[in-house]
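Geometric and topological summary
What follows is the residue order along each chain.
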Amino acid sequence: MDFALTDEQRMLEETLTRLVADQVSPQQRRTMLATPAGETSELWRTFAELGLLHMPFSEKLGGLGGDGTDLMIIMRALGKGLVPEAYLAGLVLPGQLLALSSNSEQQARWLAPLLEGEHQLALAWQEHSARYDTFAVTTASQHGNQWQLSGRKDVVMNLAAAAAILVTATLPSGKLGLFIVPANTPGVAQHCYHTIDDQPAGDLVLTNVTVPADHCLSDDVSDAIAEVLAMGRAALCAEAIGTMEATCDQTLAYLKERRQFGLPLASFQALQHRMVDMHLHLEQSRSMTILAATSLSLPARQRDYKIAAAKAYCGESARFIAEQAIQLHGAIGMTEECYVAHYAKRLVMFDHYLGDSDYHLETVSDGLQVA
Amino acid sequence: MNLTFTPEERAFRAEVRAFLADALPNDITERVRLGRYLRADDHTRWQNILSKRGWLAANWPKEYGGPGWSPVQRHIFDEECAAAHAPSIVPFGVNMVAPVIMKFGTDAQKKHYLPRILNNEDWWCQGYSEPGAGSDLAGLNTRAVRDGGHYIVNGQKTWTTLGQHANMLFCLVRTNPQAKKQAGISFLLIDMQSPGITVRPIITLDGAHEVNEVFLDNVRVPVENRVGEEGEGWTCAKFLLTHERTGIAGLGHARQALRHLKSVASQIKHRGKPLLELPSFRLRVVKAEIELMALEVTNLRVIAAARHGSVPGAESSLLKVRGSELRQEISELTRRALGPAALPFFPAFLYGDEPLDGELALRAAASAQYFNRRKLSIYGGANEIQKSIVAKTILGM
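Residues numbered from 1 in each chain as written. Chains lettered and ligands numbered in written order. Predicted model: local features only at pLDDT ≥ 70, side-chain atom pairs only at ≥ 80, totals over all residues. Heavy atoms only, no water.

With that settled, the discussion passes to the overall build of chain A. When its secondary structure is counted, chain A shows 11 helices and 10 strands. Counting only residues that meet the buried cut, chain A has 57% of its 371 residues in that class. When the 26 positive and 43 negative side-chain charges of chain A are each reduced to one mean point, those points stand 5 Å apart. (Helix = DSSP H or I, 4+ residues; strand = E, 2+ residues; numbered from the N terminus. Buried < 20%, exposed > 50% of the residue type's maximum accessible area, 1.4 Å probe, protein only. Lys, Arg positive; Asp, Glu negative; His and termini not counted. Charge placed at Lys NZ, Arg CZ, Asp CG, Glu CD.)

A word on the pairing of strand S7 (residues 209-222) of chain B. All names here are of chain B. One ladder, built from 7 bridges, connects strand S3 (residues 150-157) with S7; its direction is antiparallel. Across the sheet, the residue bridging to His150 is Pro222, located in S7. Judged from the 7 bridges that link them, strand S6 (residues 197-203) and S7 form a sheet pairing that is antiparallel. Bridged to Val199 within S7 is Val214. Where S6 folds back onto S7 in an antiparallel hairpin, the turn is made up of 5 residues, including Gly207, whose phi is positive at roughly 85°. (Pairing = 2+ DSSP bridges.)

On to the packing of helix H8 (residues 251-267) of chain B against helix H10 (residues 314-337) of chain B, then. Residues and elements named next belong to chain B. Running from amino to carboxyl end, H8 crosses H10 at an angle of 20°, the nearest separation of the two axes being 10 Å. With respect to H10, the element H8 is oriented roughly parallel. In this structure, the crossing between H8 and H10 has a hand that is left-handed. Between H8 and H10, the residues in contact are His253, Ala254, Ala257, Leu258, His260, Leu261 and Val264 and Leu326, Arg327, Ile330, Leu333, Thr334 and Ala337, respectively. (Axes fitted to C-alpha atoms, helices over the stretch in contact; angles between N-to-C directions. Parallel < 35°, antiparallel > 145°, perpendicular 65-115°, else oblique. Left-handed = near helix turned anticlockwise from the far one by under 90°. Contact = heavy atoms within 4.5 Å.)

Attention now moves to the domain arrangement of chain B. Residue and element names in this part refer to chain B. On domain assignment, one finds that chain B holds domain 1 (7-89), domain 2 (105-232) and domain 3 (246-394). Averaged C-alpha coordinates put domain 1 and domain 2 at centres separated by 28 Å. Counting the surface domain 1 buries against domain 2, the share from its top three residues, Tyr37, Trp60 and Tyr64, is 48%. Where domain 1 touches domain 2, the interface holds 0 salt bridges. Where domain 1 meets domain 2, there are 4 residue pairs in polar contact (both at pLDDT 80 or more). (Domains from an automatic or database assignment. Buried area = accessible area lost by both parts, 1.4 Å probe. Salt bridge = Lys/Arg side-chain N within 4 Å of Asp/Glu carboxyl O. Polar contact = N/O pair within 3.5 Å; in protein donor to acceptor, adjacent residues only side chain to side chain.)

Right, let's talk about the domain arrangement of chain A for a bit. Residues and elements named next belong to chain A. Along its sequence, chain A is organised into domain 1 (7-120), domain 2 (121-221) and domain 3 (223-367). Once you take the C-alpha centre of each, domain 2 and domain 3 turn out to be 30 Å apart. Contact with domain 3 buries surface across domain 2, with Tyr132, Asp197 and Val221 losing the most and accounting together for 45% of the total. The tally of links from domain 2 across to domain 3 stands at 2 salt bridges. Across the pair Arg346 and Asp197 runs a salt bridge whose closest N-O atoms are separated by 2.6 Å. Here domain 2 and domain 3 share 9 residue pairs in polar contact (both at pLDDT 80 or more) between them. When the residues that make up the side of domain 2 that touches domain 3 are grouped by side-chain class, the tally is 5 nonpolar, 4 polar and 4 charged. (Nonpolar A, V, L, I, M, F, W, Y, C, P; charged D, E, K, R; others polar.)

A positive phi angle, close to 55°, is found at A:Phe261, a residue other than glycine. When its relative accessible area of 79% is taken as the criterion, A:Phe261 is described as exposed. A positive phi angle, near 60°, is found at B:Asn120, a position not held by glycine. Structurally, the position occupied by B:Asn120 is in the loop between helix H6 (107-118) and strand S1 (124-127).

With 41 residues of chain A at the interface, the matching set in chain B holds 38 residues. Regarding the contact of chain A and chain B, the summed buried area is about 3,800 Å², with carbon and sulfur atoms giving 69% of it. Interface area lost by chain A to chain B is led by A:Met1, A:Phe3 and A:Gln284, which between them contribute 22%. The interface formed by chain A and chain B contains 2 salt bridges. Counting the contacts that link chain A with chain B gives 17 residue pairs in polar contact (both at pLDDT 80 or more). If you list the elements that add at least two residues to the side of chain A that touches chain B, you get helix H4 (68-80), helix H7 (222-257), helix H8 (269-293), helix H9 (300-329) and helix H11 (357-367) of chain A. If one sorts the elements of the side of chain A that touches chain B by residue count, H8(A) sits on top with 17 residues. A per-class count over the side of chain A that touches chain B returns 23 nonpolar, 11 polar and 7 charged.

All right, on to the environment of A:Cys248 then. All names here are of chain A. Along the chain, the position of Cys248 falls in helix H7. Relative accessible area serves as the criterion here: at 1%, Cys248 is assigned to the buried category. For the pair formed by Cys248 and Thr6, sequence separation is 242 residues and the distance between their alpha carbons is 27 Å.

Geometry of an aromatic ring pair is reported as the spacing of the ring centres plus the angle between the planes. Within this structure, the stated rule accounts for 21 aromatic pairs over all chains. Judged by centre distance (6.4 Å) and plane angle (90°), the rings of A:Phe47 and A:Tyr87 are edge-to-face. Of the two residues, A:Phe47 is situated in helix H3 (residues 42-50) and A:Tyr87 in helix H5 (residues 87-101); the sequence distance between them amounts to 40 residues. When its relative accessible area of 0% is taken as the criterion, A:Phe47 is described as buried. Relative to B:Trp69, the ring of B:Phe12 has its centre 5.1 Å away and its plane inclined at 75°; by these criteria the two rings are edge-to-face. Residue B:Phe12 is found in helix H1 (residues 7-23), and its partner B:Trp69 is found in the loop between helix H3 (40-53) and helix H4 (71-83); the two are separated by 57 residues along the sequence. An aromatic cluster is built from B:Phe12, B:Phe19, B:Trp46, B:Trp55, B:Trp69 and B:Phe77, whose rings are joined through pairwise contacts. Sitting over the ring of B:Tyr151, B:Arg146 keeps its end group 5.6 Å from the ring centre. (Phe/Tyr/Trp six-rings, centres within 6.5 Å; stacked < 30°, edge-to-face > 60°. Lys NZ or Arg CZ within 6 Å of the ring centre and 35° of its normal.)

Negative charge collects at one region of the surface, where A:Asp219, A:Asp220, A:Asp223 and A:Glu227 lie side by side. Structurally, the position occupied by A:Asp223 is in helix H7. (Patch = residues over 30% accessible without salt bridge, like charges linked within 9 Å, V, L, I, M, F, W, Y side chains within 5 Å. Areas by Shrake-Rupley, 256 points an atom, 1.4 Å probe, with all protein chains shown as cover.)

In this structure, A:Phe47, A:Tyr87, A:Met288, B:Phe170, B:Phe187 and B:Leu189 are the most contacted members of the largest nonpolar core, which totals 215 residues. Here this core takes 18 residues from H7(A), the largest share from any one element. When residues no more than four places from it in sequence are discounted, the contact partners of A:Tyr87 are A:Trp44, A:Phe47, A:Leu52, A:Leu53, A:Met55, A:Pro56, A:Leu71, A:Ile74, A:Met75, A:Leu78 and A:Val92. Within the second largest apolar cluster, 20 residues are counted, among which are A:Ala122, A:Val156, A:Ala162 and A:Leu171. (Core = buried A, V, L, I, M, F, W, Y, C linked by side-chain atoms within 4.5 Å.)

Attention now goes to the packing of H4(A) against H5(A). Residues and elements named next belong to chain A. Viewed as axis vectors pointing N to C, H4 and H5 meet at an angle of 165°, and their least axial separation amounts to 12 Å. Of the possible angle classes, the one that applies to H4 and H5 is roughly antiparallel. Pair H4 / H5 crosses with left-handed handedness. Taken together, the residues of H5 that come into contact with H4 (itself represented by Leu71, Ile74, Met75 and Leu78) are Tyr87, Leu88 and Val92. Classifying every residue of the contact of H4 with H5 gives 7 nonpolar, no polar and no charged.

Quick look at the structure:
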């Protein structure tokens with residue numbers, strides 16, 4: 001049992017926290033959000049220099065072999081600064097899926113440039129009719145040496161910036177297959193937007209999209225996608241922890257500064273106890289996030305059970321903290337200008353990525369040990 | 001980071017488990033399993049067995065006769081004891097007054113009292129709360145006036161747990177009514193056989209005799225029974241409270257109670273199917289399970305920090321608040337699970353020696369325990385007090 005960070009991990013945490021504090025002020029963030037998709041940002045280049053793009057990949061793929069704890073450190077720092085970079089959606093999720101389910105030629109073509117910061121990718125696994133499940137109505141059929149894809153993928157994160165998109169589709173065998181579709185392939189239509197919490201995303205419509213045989217990465221990707229989504233959920237918990245921490249800090253600072261009835265708000269017991277409740281939720285969520293980060297290499301059933309518990313717990317805590325933060329700020333917390341409102345939005349919407357609390361409670365319920 | 005136990009720790013767990021399987025008397029585990037109250041002799045028998053094995057004073061350093069366990073070992077021991085239906089150790093001597101005597105006592109006090117605690121010769125009880133001093137403990141009014149080599153003590157203590165069995169009382173008294181309220185308090189060790197002491201039972205809403213009132217009427221206490229300097233009792237009191245809160249979350253008990261709940265809810269049928277399959281009920285069980293997972297990791301984090309010498313601060317308040325809420329929720333679900341079978345009440349079975357038919361016996365304790373567990377969010381500093389402590393000391397509000 002060990003909760004301590006290694007020296008390297010502590011250094012990573014300090015460096016990244018400082019970087020985020022320096023380069024992602026509310027003003028800078030606004031500018032970054034307005035930058036057209038597909039342009040590599042200054043910050044992303046710095047990530048590359050710091051080795052962050054190599055961190056979550058194994059050494060044999062040219063990565064740094066970081067584990068769940070390393071990923072937790074990175075995501076938490078990004079969450080703290082509400083950093084608008086698609087580290088998870090554009091790098092980790094598609095990259096891990098490539099690592100797990102493509103051959104070395106495919107990896108050389110798609111994964112290596114990803115790690116070098118030369119392009120970003122996206123993972124289109126979600127469809128409205130499947131809600132948070134991975135089954136796909138989108139189909140793929142083989143025509144000689146080519147595959148033809150048809151269907152619609154919804155809320156694809158980082159879609160506009162992706163050079164190519166990993167697409168899941170149901171094969172004639174009934175299995176879930178995985179394809180890589182360059183963004184400029186004929187028949188690909190993108191409807192891009194920002195989510196309510198400022199994430200770039202879009203819907204992807206595939207109309208008889210034809211790709212060569214080597215663009216089929218896997219003819220049975222179910223286990224791999226479960227593993228990648230588990231990692232994504234653990235990473236989201238860590239990001240939410242960073243966002244919750246910043247939200248609690250900002251709210252506490254506001255309570256100490258704002259005066260009513262001639263006294264600082266922090267002197268009122270009703271508000272003190274609300275603030276403490278936020279911290280209790282945060283502390284417990286930290287524990288669940290550590291549990292998730294250290295469960296990534298467990299056998300699939302145990303891994304999914306623990307990570308579902310963590311995601312369900314953090315989802316509830318994130319919403320609780322967001323709502324309290326708005327309430328404790330009062331009317332100013334309702335404004336676009338108030339930075340904490342952006343944190344609150346992110347915290348509430350965090351539950352809608354990779355399965356919400358209800359979804360994950362069901363997983364825990366299914367795996368509940370009775371005897 | 002990793003959350004796994006070392007091979008040595010796993011071996012220790014196996015050793016504890018084997019010892020418990022062998023050494024725990026069946027009649028005692030049966031009483032614990034059914035939620036019946038233990039008789040004084042049950043406690044003493046079990047604590048003598050532990051004492052003989054050298055495991056009674058799990059928290060004591062080796063020099064005083066403790067086993068010299070790491071915080072992780074103590075945690076494992078607690079978990080295994082709860083899982084095996086071992087009685088909780090009566091904490092007032094071994095876990096509460098003993099650390100105070102070690103820290104603030106004279107050599108003579110250490111030499112006299114500590115071995116007696118280790119051998120179960122003394123049964124201690126706690127004289128802290130008073131009718132007018134609950135959460136505001138420093139507002140206590142029991143007076144101790146110096147008379148030569150003695151203090152004359154007058155006043156009333158309350159909520160004295162298992163005081164009916166005790167022969168020794170550690171007691172906060174006011175020695176200087178002029179000083180600022182915390183500054184006028186001293187810490188006395190009082191023989192319960194002294195003339196002027198009357199113990200009166202308080203029956204709680206579950207029908208149990210667990211707590212008492214203790215009246216002190218001109219009780220003469222030798223000056224050498226004071227721990228620490230006169231007027232410095234508050235320092236001892238606070239030191240003791242931090243020890244009281246360690247482990248107050250009772251996670252081993254929560255784990256055991258949840259196991260019991262799941263077993264009850266899978267046996268009881270609702271429209272022909274196990275109650276545990278009723279979605280609205282199952283969801284609450286699932287949420288309790290997840291809350292317990294979170295608390296267990298938080299507890300391990302506190303333990304890991306303690307291994308590096310840090311004293312639990314806000315975390316122990318957190319564990320107390322969320323741990324007590326969780327145990328109350330589990331007791332609520334267990335009561336609800338029984339449905340109409342939660343209504344019958346058999347105090348002579350629960351608190352006495354009267355037998356009860358098998359099926360009824362299994363279900364008898366749930367409602368009484370539910371009411372008993374309301375105490376968890378009140379004692380050891382009410383949960384609202386814990387929140388105010390966190391607000392003040394951690395958040396600087």
